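# Understanding the architecture of this molecule
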Amino acid sequence: MYSIAKPVRQLAARAADIALWLIALIHLLLAASLIAAIVSVSDAAAATDTVCGGTNLIAGFEKTDPAKLARLKAEADAIPNGKGIFWKIEKDGTAPSWLLGTMHVTDPRVLAMPEGASEAFATATTVIVESDEIIDEKKSAAAILMRPDLTMFADNKTINDFLDADERAQLEQGLKARGIPLALVAKMKPWMIASFVALPACEMTRKAAGASFLDKKLAEDAVSQGKTLKGLESLVEQLAAMDSLPTELHLRALIETLALGKTIDDVLATTTDLYLSGDTGMIMPMMKAVSEDVASEDASYADFEQRIIIDRNKTMATRAEPILGRGNAFMAVGALHLAGDEGLVELLKRQGFSVTRAN
């Protein structure tokens, strides 16, 4: 047994790294929407909480620290393809295709999609999503349960074996606030438990009521309209990517995310606002600015970013290339996969496609 109760930076100084981890988790885990059903969690706290809270941090910086905001904007402006969530993909001799960055949430504002996206979807003959398995929750749940090594501790271990008394109390209290008894999820690996933490109570309520998040809705609509549906990854591949990272990283992130409390609501609210405005390049700088003392030297998060975002970008681009090459496709993946030197927009350009903003 090891303890993660070793001295660490003050919680505020850790906030940025943990916020990055949390937002990346939301964008990764299409499987997260299935987890509550798999373990039959009854989220009593979420049952009456249908309104998402949180304060826009950018607006706060504008009032309290305009110099910081100017620095954030300069950093965001330097990120390739950091403006826009809807892109047109072209190659000589084929009909154009389209790329939409998504958030894996049921927020009605996100479901509405940017101008022109609904029309592009309507005319597309092929729809590409991260995983086409999301349209069948029972089949997806079965696939996940077939790989318990990816989601559950083995050898009769539980998460309690990795925590000291204070950490266990923090985890128990944080989960209780969401109506989740620790005993119910103690066998689950920490990043699986974090799937509940990463989803705001309002999201749990809407999903429990049957609402689809954007990616799932697009996949369902594609099938109902007779379009060809293609997936770029399996859910098990997504789980394996997450499981490949050290348990200590996930434990630390889970405990400290719970300790951040309402700060996470603010980060999520700000991220949604930035997404809706198409200012995706500002998301990472904003999250780093949650703390003045950004732990940029933290190699563990660098590993996380490489495995969960960059490596998956390359896989998605490789698998999407032949489909996009045939033209008239509509591709929808998490928005964090689009921007940056190793983002999908740049990777598709390197494959010979012309990729231009459509909104």
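Residues numbered from 1 in each chain as written. Predicted model: local features only at pLDDT ≥ 70, side-chain atom pairs only at ≥ 80, totals over all residues. Heavy atoms only, no water.

### Concerning the pairing of strand β5 (residues 329-334)
Within β5, six of the six residues are buried, which leaves the element mostly enclosed by the surrounding structure. Looking at chain direction, strand β2 (residues 97-102) and β5 are connected through five bridges and run parallel. Paired with Leu 99 across the two strands is Met 331, which belongs to β5. With four bridges connecting them, strand β3 (residues 126-129) and β5 associate as parallel partners. Bridging from a neighbouring strand, Ile 128 pairs with Met 331 of β5. (Buried < 20%, exposed > 50% of the residue type's maximum accessible area, 1.4 Å probe, protein only. Helix = DSSP H or I, 4+ residues; strand = E, 2+ residues; numbered from the N terminus. Pairing = 2+ DSSP bridges.)

### Things to note about the environment of Ala 186
The residue Ala 186 is located in the loop between α10 (182-185) and α11 (190-198) in this model. On the basis of relative accessibility, which here comes to 8%, the residue Ala 186 falls in the buried class. For the pair Ala 186 and Ile 159, spaced 27 residues apart in sequence, the C-alpha to C-alpha distance is 5.4 Å. Setting aside residues up to four positions removed in sequence, Ala 186 forms contacts with Phe 153, Thr 158, Ile 159 and Asn 160. (Contact = heavy atoms within 4.5 Å.)

### Focus on the confidence of the model for the protein chain
The predicted model of the protein chain has a mean per-residue pLDDT of 81, with 81% of residues at 70 or higher. Counting contacts from residues 36-48, a segment whose pLDDT is below 50, to residues more than four positions away or on other chains yields 25 contacts. In the model, residues 293-297 has pLDDT below 50 throughout and makes nine contacts with residues more than four positions away in sequence or in other chains. (pLDDT = per-residue confidence, 0-100.)

### Side note on the pattern of salt bridges
Within this structure, the stated rule accounts for 14 salt bridges. Where Arg 109 meets Asp 107, a salt bridge forms, and the shortest distance between an N and an O atom there is 2.9 Å. Judged by its relative accessible area of 45%, Arg 109 falls in the partly exposed class. A relative accessible area of 11% places Asp 107 in the buried class. Measuring nitrogen to oxygen at the nearest pair gives 3.6 Å for the salt bridge that ties Glu 342 to Arg 350. (Salt bridge = Lys/Arg side-chain N within 4 Å of Asp/Glu carboxyl O.)

### Side note on the nonpolar core
Ile 159, Leu 171, Leu 175, Ile 193 and Leu 254 are the most contacted members of the largest nonpolar core, which totals 29 residues. Of all the secondary-structure elements, those providing two or more residues to this core are α9 (165-176), α10, α11, α14 (235-243), α15 (247-260) and α18 (299-325). Leu 175 has contacts with Ile 180, Leu 182, Val 185, Ile 193 and Val 197, leaving out every residue within four places of it along the chain. With 26 residues, the next largest nonpolar core counts Ile 85, Leu 100, Val 110 and Phe 121 among its residues. (Core = buried A, V, L, I, M, F, W, Y, C linked by side-chain atoms within 4.5 Å.)

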